[in-house]
Amino acid sequence: MIVTRFAPSPTGHLHIGGLRTALYSYLHARAKKGKFLLRIEDTDTRRNTQEALQGILEAFEWVGLEYDEPVWYQSQRLEIYQEYAKKLLDSKKAYFCYLSPDELQAMREERSGNHTELTRKYRDYTGEIPADVKPCVRIKAPLQGEISFVDGIKGKISFAASEINDFVILRNDGTPTYNFVVAIDDALSNITDLLRGDDHISNTPKQLIIYEALGFAIPRFYHIPMICNEKGQKLSKRDGALSVLEYKRAGILPEALLNFLFRLGYSDGDKEIFSLQEMLECFYPEKINSKASACNFSKLYWLNSEHIKTLDEQTLAALLNLSELHELMRDSKERASVLLCEVKTRVNTLCDFQKGIIEILYAPLASNLNQEKGAVYDESMFHKLFTAQHATTLVDSLKDFSKHLESFCGDNAQAYKTFIHDFSQRLESKIKPSLFMQSLRLALLGKKGGIDLGACIFILGNVAVQKRIESFLLYCRNV
Ligand code: GLU
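Just so it is clear, the model here is predicted, and its values are computed rather than measured.

Overall, the coordinates contain 27 salt bridges when judged by the stated rule. Glu 278 is the partner of Lys 271 in a salt bridge, and the nearest nitrogen-oxygen pair spans 3.3 Å. In this structure Glu 278 comes out as partly exposed when scored by relative accessible area, which is 31%. Here Lys 417 and Asp 452 are joined by a salt bridge, their closest N and O atoms 3.4 Å apart. Of this pair, Lys 417 sits in helix α18 (residues 413-426) while Asp 452 is found in the loop between α19 (433-445) and α20 (453-460), placing the two residues 35 residues apart along the sequence. Each of Arg 5, Arg 39, Glu 41, Arg 77, Asp 185 and Asp 186 takes part in salt bridges that share partners, so that together they form one network.

Looking at the ligand, the residues that line it are Arg 5, Ala 7, Pro 8, Ser 9, Glu 41, Tyr 178, Val 182, Arg 196 and His 200. Glu 41 is positioned with one of its side-chain polar atoms (N or O) 2.6 Å from a nitrogen atom of the ligand. For the ligand, the protein covers 79% of the area, taking 300 Å² as the surface of the free molecule. The residue inventory of the shell around the ligand, partitioned by class, reads four nonpolar, two polar and three charged.

The feature "short sequence motif: 'HIGH' region" (unreviewed entry), as given by UniProt, occupies residues 8-18 in the numbering adopted here. As a span, residues 8-18 carries 27% helix and 0% strand, and end to end its C-alpha atoms are 8 Å apart.

Next up on the list: the sheet that holds strand β5 (residues 136-139). Read across the open sheet, the three strands follow the order β4-β5-β8; overall the sheet is antiparallel. The open sheet has two free edges, formed respectively by β4 (94-97) and β8 (168-170), since each of these has just one partner strand. When the angles between neighbouring strand axes are averaged without regard to direction, this sheet yields 45 degrees. Of the strand pairs in this sheet, β4 and β5 are connected by four bridges, and their pairing is antiparallel.

Attention now goes to the sheet that holds strand β1 (residues 3-6). Taken together, the three strands give an open sheet; going across it, the order is β1-β2-β3, and neighbouring strands pair in parallel fashion. Among the strands making up the open sheet, the edge pair consists of β1 and β3 (72-73). The pairing of strand β2 (residues 35-40) with β3 spans two bridges and is parallel. Residue pairing across strands places Ile 40 opposite Tyr 73, the latter belonging to β3. The strands touched by helix α6 (residues 178-188) within the sheet are β1, β2 and β3, with β2 carrying the most contacts at an inclination of about 150 degrees.

Definitions and cut-offs
Every chain is numbered independently, its residues counted from 1 as its sequence is written. Residue-level local features of this predicted model are given only where pLDDT is at least 70; pairs of side-chain atoms are given and counted only at 80 or more, and the full residue set underlies all totals for whole chains, interfaces and linings. Note that the side-chain values use all heavy atoms of the structure and ignore hydrogens as well as water. In what follows, salt bridge is the name for a side-chain nitrogen of Lys or Arg lying within 4 Å of a carboxyl oxygen of Asp or Glu. Relative accessibility decides the category of a residue: with a 1.4 Å probe and only protein chains considered, values under 20% of the type maximum give buried, values over 50% give exposed, and everything between is partly exposed. For helices the rule is a DSSP run of H or I covering at least 4 residues; for strands it is a run of E covering at least 2, with both sets numbered from the N terminus onward. The near set for a molecule or strand comprises every residue that places at least one heavy atom within 4 Å of it. Within 3.5 Å is the distance limit for a polar contact, defined as a pair of N or O atoms, with the added protein rule that one can donate a hydrogen and the other accept it, and that residues adjacent in sequence qualify only through two side-chain atoms. Areas reported here follow the Shrake-Rupley algorithm with a probe of radius 1.4 Å; residue values treat only the protein chains shown as occluding. Basically, the charged four are Asp, Glu, Lys and Arg, the nonpolar ten are Ala, Val, Leu, Ile, Met, Phe, Trp, Tyr, Cys and Pro, and anything else, Gly included, counts as polar. UniProt positions are given in the numbering used here, feature names are shortened, and annotations may be inferred rather than shown by experiment. Two strands qualify as a pair provided that DSSP identifies no fewer than 2 bridges between them. Every axis corresponds to a line fitted to the C-alpha atoms, with the helix fit spanning only the stretch in contact, and the corresponding angles, defined between N-to-C directions, vary from 0 to 180 degrees. The criterion used for residue contact is that any of the two residues' heavy atoms lie within 4.5 Å.

Have a look at this one:
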C-alpha cells in the first residue's frame, strides 16, 4: 500500500508551494487507495507558533484534503527519538561528542566550512573524556564512497561521503535534530513514497544514513521543483499572496486553488480545468515537471471563475452567506435562480459575487453617510443623461414606465426585457431608446453596466422597481 505524508513546520502560514506538495502527496496516495498522513514538525520550539499550527489545520480543512489517522506531532514523540539515539549508541553507530562550544567556534573560524574531519574527533576516541562538557550525540556517517538515491522526478542523485560530516542527532540538551526525527517518523509511519520540495534534496543523504543505521526500509523519493514567478525568480509576496488562507479571504474557491496548483508542475494534454476526481484519475508522481514552474496568478482568477460557474445554487448560496439571498430563495426560486445565473457569469471571485448580488438587491442611495449596503447614484452619469435638453423627457418617461409596470406581469426575465424594449421604442419620437435605458439603469442600479435590465426587474419585482424609480425621481429633484 502506498503511504505518503505532508510534514509542515508550524513556523509560518501554509504557503501555496506547501499546499501543492500536500496535494501531490494526497493524489498519489488516494489514487492508489493508499494512505495520506499529516505530521506537524514542531520540534523547533523557538520558531513554532500556535497561530501557524491553527492556520495549517484550518487551511487543510478549507481545501478538503482529508488525511488518515490523527495528526502526528513531533513534539509529543521526544522519548521515541531518544530511544532510537540510544539504540544507535549501543550498536556503536553513534557516539558522544565532547567538542566544546569554544572548540566548535574555533573550528568554524579556522577552516571555512570544511569541518568534516575535525567534527569526527570523538568518533573512535579512546582518550580521556573532558569532564566539563555536556556531550551531544553524533552519527557515524560513511567515510568514503557515495550516498545516492534514485529520485522519481529527477533521476539518480549522488553525494560524495566526504561532503557529509558526522552530524548531530541529539543536542547536548537531549533534543533531537531535524534530519534524525524526519527519518524516524517517516520509517515508523511506514511512508513508502516521500514527496517534498526539492529544497530538501540536501537533507536526503543525511536521512538515508539514519535509515541505513536503523535498518529501516528506504522510501521512494520525489523532490518537487519550486514554484517561481514569471521572471523565473523565487516566488515572493510581491508576486501575489503566498498564504493559502489569504486566497480564502480573497474569495477563491478551494477547488480552483487546487486546480491552479495542480497545473503548476503537472499537465495532462491541454486540459486546464480539473476537479479533484479528474486529478486523481490522471496523476502519476513520475510525471511531475522536473523544471521549476512559473506562476501566473491571472490564471488562478480565470480558473476560479470557471469553477464558480460549475457550482449549484444551494452550494453558492451557502458560500455567499447573504441573508437577503436566502430570503429571495425562500420567496421565489425562479427569481433567485436568475439572480445567481446573471451574476455567476460576470465574476472571478466569491467576493465579487457577493458585491454583485448586493448591488442588485439593495436600492441605490443618494448618498451613503451611514455605510449602508446600496450603491450611490453615479452623479457624473446623472449629469451626462439629465441635460437641460433631456431631463424633463427622461423624468416623464420614467414616471410613465412605472405606471405601465402596474398593469404588466411577466413570468420571466425575457418577458421584462421585451417589455422594456417595446416601451423604449415607443418613446423614439421623444427620446432615444438608449438614453431611456441608461436612465432606467441609473434609477434601478445607480450606475453604468451590470446585469440585464429585464432580469433585474424580474428579480426585484414590479413593486420594488416602482419604489426605486420613485426614490430616483426624488433624487433628480434634489440634485
Ligand atoms: N518540515 C519540512 C518543511 O516544512 C518538510 C520536511 C519534509 O517534507 O521532509 O519544509
